[in-house]
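Architecture and fold: a report
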Amino acid sequence: MVRTIAAKDLTTMFRDGRLPWAGGVVLALVVTAVTVGWQRQREIASERAAAQALDYDDWVAQPERHPHNAAHQGMHVFKPDPPLAIVDPGIDPYVGSTIWLRAHRQSELMFMPAQDATGLQRFGELSAAWVLQVLGPLLIIVLGFDAFAAERELGTLRQTLSLGISSKQILWGKALGQFWGLGLLLGPAAAGAAIVVVAGRGEAIDVDAAARLGWLGLGYAIYLAIAVFAVLTVSALGRSSRVALVTLLGLWIGTTLLAPRVASDLSRTWKPSPSRLTFNADLGAEMGRMQEQAWMANFGVATQWSPDLPLDKWGVALQVDDHAGYSVMDRHFARLWDTFGEQQRVQEWLGLAAPVLAVRAFSMAISGTDFAHYRTFSLAAERHRRVLQDLMSEDLVERADPRGTGHFDYRAGADLWRRMPPFTYAPPPVSWALRNSGRSLAVLIAGLLLSMAAAHVAVGARRTV
Amino acid sequence: MLEAKHLSKHFGATAALDDVNLRVDPGEIYCLLGANGAGKTTLINVFLNFLDPTEGEARINGLDVTQHAIETKRHVAYIPEQVMLYGVLSGLENLRYFAALATGRHAPRAHLLVLLSDVGLDEAAALRRVSTYSKGMRQKVGIAIAMAKRTRALLLDEPTSGLDPKAANEFSQLLRRAKDDGVAVLTTTHDLFHAKQTGTRIGIMKRGRIVADLSSEALSHTDLEALYLQHMQG
Ligand SMILES: Nc1ncnc2c1ncn2[C@@H]1O[C@H](COP(=O)(O)OP(=O)(O)O)[C@@H](O)[C@H]1O
Ligand SMILES: [Mg+2]
């Protein structure tokens with residue numbers, strides 16, 4: 001029964017032109033987005049790899065100089081583009097992908113979390129994720145707003161019910177018809193994306209990327225299913241298909257376009273994060289205090305870099321100064337990032353009302369382009385920076401400090417530069433991403449159960465005549 | 001087979017059905033005759049559980065229609081006054097779809113085409129989209145759907161509306177054959193001639209009440225026209 005109804009719905013959606021036209025537009029956008037994403041990624045991947053290699057070559061090839069000068073010059077690290085950034089670039093376009101590792105300070109690049117860039121803001125960059133998140137529900141509205149309403153107006157619902165078919169069977173038939181229609185459109189697109197993501201880099205098959213893609217497919221399937229049942233609910237309750245359409249468009253604007261903006265404001269109100277200025281001021285103040293204490297304890301001077309410091313202690317002082325700051329930086333950055341994480345969690349919970357929030361979080365996390373992934377990259381970069389600083393300082397302690405007043409005449413060369421390893425970064429595996437996505441996935445599943453329940457109540461509540 | 005007991009249905013102050021009692025046994029064609037607004041459609045709607053009765057009960061095959069909403073509908077086939085079909089599907093596709101829902105299996109195409117030609121739709125017409133059909137053609141598809149269901153009872157609400165006289169006549173013969181096979185038929189009409197032609201039993205309905213109930217014997221020596229006019233005027 002259910003399949004018979006689904007097949008009929010699919011045929012009518014085809015014949016009245018909705019599936020080919022509306023679906024075709026969405027499909028074309030998805031395909032374009034994936035293609036553009038793929039090209040962008042191929043460029044980025046080679047650019048970043050080249051830049052990373054070049055930057056390290058520059059480091060090794062730098063002239064003989066005082067190691068602390070070299071530390072100031074520093075090096076750059078580049079975030080590798082995750083394979084699924086093709087589908088969902090996440091926050092990457094907003095936060096950049098390069099971190100400059102240099103003396104004294106952790107890079108604060110990560111300050112502005114753009115994870116909650118609103119739907120409208122994201123209009124600019126066409127990504128498959130955006131098309132699915134924002135236009136997916138719109139497509140489902142176009143395909144399904146009159147699923148019940150028009151059949152009631154037409155009288156075919158009566159005809160169907162008179163045959164001894166229950167309204168629940170009709171509901172499931174219509175839902176299945178929509179799934180088939182969506183599957184017909186998005187199935188081949190997903191297969192294409194899978195080929196590109198898993199094998200498109202011309203390397204061995206990327207198992208982690210394949211697993212991520214599978215989970216991503218599941219997340220979007222749940223999200224679109226929520227929309228299907230929500231649309232059927234409204235269609236069953238609406239007095240006419242026109243009323244259903246207007247209601248659904250209003251809901252779409254509210255839950256996919258406005259909700260992200262509102263959620264972002266709410267999350268910042270409930271879990272306030274400091275401004276960049278405040279953060280830097282607080283961090284600077286506490287680092288200063290801790291470092292001055294360390295200077296007093298180690299060298300008996302009241303201020304950092306006091307002229308009273310004998311030059312044969314200069315390398316040691318650098319070490320002491322750096323290490324006094326590390327834990328302060330760790331604490332401040334952890335607190336800031338935890339706050340961003342809490343804001344993110346608030347938004348994920350709000351996904352119960354606007355599922356786009358949950359699927360957006362899930363999609364970025366699984367694609368490896370969310371804030372959590374960025375945090376691990378940022379931490380890896382900071383670890384690398386400390387390796388660099390410590391290496392330079394140790395060399396100073398060993399070689400320059402013994403020169404006493406001649407400290408600053410010391411020059412190190414390629415031997416030292418080469419002891420600094422190149423930066424390597426392995427993004428966390430899919431299992432790690434999944435552990436971070438339990439909440440958004442649970443919210444999506446809850447949303448699906450809710451919309452299914454609503455649809456069942458709706459088709460039972462409304463008589464047909 | 002079909003039974004109404006003390007059946008009433010009120011819409012606010014209007015009594016669309018007022019203490020209706022009737023019984024249609026297998027092999028009977030009960031023709032309910034009444035002017036527009038008499039309550040005929042309401043009665044059919046109650047039998048199909050599209051409306052809950054205010055009082056009394058309706059039974060199909062001994063089962064109360066409100067308690068066994070789905071099952072009772074499986075025992076009857078229904079043809080409405082205006083058969084509603086999917087315009088983008090052909091007559092054949094509509095029949096195939098509704099027949100599959102009614103019977104739970106997909107009938108072979110040849111079988112469906114025979115059903116359609118039985119009700120007067122040739123193959124060329126059957127393959128056209130229903131959006132190009134006249135009302136009478138849609139009605140024929142509706143009849144074919146009802147026939148495909150092969151039930152022991154038929155609920156027909158002015159089924160011949162929109163049919164030309166020839167097709168209406170063929171439909172009457174179709175009903176007669178069904179009757180001979182032991183099917184119980186409840187059909188409504190405001191057309192006295194049609195009632196006389198098809199009914200084995202005629203009830204006259206007025207403002208929700210059955211004011212006259214004539215068996216086939218009674219029919220043969222009653223001036224139905226006079227009786228009907230008398231009721232319509234009174
Ligand atoms: N859904 C409804 N709401 C209110 N009144 C109705 C409704 N359906 C029918 N009626 C009223 O009930 C009476 C019987 O209508 P109906 O059964 O359609 O008559 P018939 O089919 O004999 O022409 C009419 O007065 C009609 O206006
Ligand atoms: Mg009527």
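As the structure is a computational prediction, the values presented were derived from the model and not from experiment.

**Points about the interface of chain A and chain B**
In this assembly, 24 residues from chain A lie in contact with 28 residues from chain B. Between chain A and chain B, roughly 2400 Å² of surface is buried when both sides are summed, and carbon and sulfur atoms account for 61% of that area. The closest approach of N and O atoms between arginine 15 of chain A and glutamate 93 of chain B, which form a salt bridge, is 2.7 Å. Taken together, chain A and chain B are joined by 7 residue pairs in polar contact (both at pLDDT 80 or more). Mapped onto the side of chain A that touches chain B, the elements with two or more residues apiece are helix 1 (2-15), helix 6 (149-154) and helix 7 (156-162) of chain A.

**So, a nonpolar patch on the surface**
Taken together, Ile253, Leu258 and Val262 of chain A make up a surface patch of nonpolar side chains, about 250 Å² in accessible area. Looking at the element boundaries, valine 262 of chain A is found in helix 10 (residues 241-270).

**Some words on the site of ligand 1**
Residues and elements named next belong to chain B. Around ligand 1 lies a shell formed by Phe11, Ala16, Ala35, Asn36, Gly37, Ala38, Gly39, Lys40, Thr41 and Thr42. A distance of 3.2 Å separates an oxygen atom of ligand 1 from a polar backbone atom of alanine 38. Threonine 41 has a polar side-chain atom sitting 2.6 Å from an oxygen atom of ligand 1. The dominant element in the shell around ligand 1, judged by the number of residues it contributes, is helix 1 (residues 40-47), at 3 residues. Of the residues that constitute the shell around ligand 1, the class distribution is 4 nonpolar, 5 polar and 1 charged.

**Considerations on the packing of helix 8 (residues 167-199) of chain A against helix 9 (residues 207-237) of chain A**
Residue and element names in this part refer to chain A. Between helix 8 and helix 9, the shortest axis-to-axis distance is 10 Å and the interhelical angle comes to 155°. The pairing of helix 8 with helix 9 is recorded here as roughly antiparallel in orientation. Both helix 8 and helix 9 take part in a crossing whose hand is right-handed. Together, Leu171, Trp172, Lys174, Ala175, Gln178, Phe179, Leu182, Leu186, Ala193, Ala194, Val197 and Val198 of helix 8 and Ala209, Ala210, Leu213, Leu224, Ala225, Val228, Phe229 and Leu232 of helix 9 make up the contact between the two elements. Looking at side-chain class alone, the contact of helix 8 with helix 9 contains 18 nonpolar, 1 polar and 1 charged residues.

**Details of helix 2 (residues 18-61) of chain A**
Between its first and last C-alpha, helix 2 of chain A extends 62 Å over 44 residues, near the 64 Å set by a 1.5 Å rise per residue. Approximately 30° is the largest bend angle found in helix 2 of chain A, and it occurs at glycine 24 of chain A.

**Observations concerning the packing of helix 10 of chain A against helix 12 (residues 314-350) of chain A**
All names here are of chain A. Interaxial distance between helix 10 and helix 12 falls to 9 Å at its minimum, and their mutual angle equals 135°. With respect to their mutual orientation, helix 10 and helix 12 come out oblique. Taken as a pair, helix 10 and helix 12 cross one another with a handedness that is right-handed. Facing Ala263, Ser264, Leu266, Ser267, Arg268 and Trp270 of helix 10, the residues of helix 12 in contact are Gln343, Val346, Gln347 and Leu350. Class assignment of the residues belonging to the contact of helix 10 with helix 12 gives a composition of 5 nonpolar, 4 polar and 1 charged.

Conventions used here
The residue numbering used here restarts from 1 in each chain and proceeds along that chain's sequence as written. Just so you know, chain letters begin at A and ligand numbers begin at 1, following the order they were written in. Local features are withheld for residues below a pLDDT of 70 in this predicted model, meaning they are given only at 70 or higher, and side-chain atom pairs are given and counted only at 80 or more; totals for whole chains, interfaces and linings count all residues. Side-chain measures were taken over the full set of non-hydrogen atoms in the model, leaving aside hydrogen atoms and water. Contact definition: two residues touch when any of their heavy atoms are within 4.5 Å. Take the accessible area each of two parts loses on contact, using a 1.4 Å probe, and add the two losses: that sum is the buried area. The rule for a salt bridge is simple: a side-chain nitrogen of Lys or Arg has to be within 4 Å of a carboxyl oxygen of Asp or Glu. Polar contacts, as used here, are pairs of N or O atoms within 3.5 Å; protein pairs need one atom able to donate a hydrogen and one able to accept it. Residues neighboring in sequence count only if both atoms are side-chain atoms. Secondary structure elements follow DSSP: runs of H or I no shorter than four residues count as helices, runs of E no shorter than two count as strands, and numbering proceeds from the N terminus. Patches in this entry comprise residues that are over 30% relatively accessible and not in a salt bridge; like charges within 9 Å are linked, as are nonpolar side chains (Val, Leu, Ile, Met, Phe, Trp, Tyr) within 5 Å. Computed by Shrake-Rupley with a 1.4 Å probe, the accessible areas treat only the displayed protein chains as cover when residues are assessed. Only a single heavy atom is needed: when it lies within 4 Å of a molecule or strand, its residue is near that molecule or strand. Under this grouping Gly is polar, as are all residues other than the nonpolar Ala, Val, Leu, Ile, Met, Phe, Trp, Tyr, Cys and Pro and the charged Asp, Glu, Lys and Arg. Lines fitted to the C-alpha atoms define the axes, with helices restricted to the stretch that makes contact. Angles between their N-to-C directions range from 0 to 180 degrees. In this scheme, roughly parallel covers angles under 35 degrees and roughly antiparallel covers those over 145, while 65 to 115 is roughly perpendicular and the rest are oblique. Should the near helix be turned counterclockwise from the far one by less than a right angle, the crossing is left-handed, whereas a clockwise turn marks it as right-handed. Expected helix span is taken as 1.5 Å per residue step, with the number of steps being one fewer than the number of residues. Throughout, bend refers to the angle between the axes fitted to the seven residues that end at a position and the seven residues that start at it.

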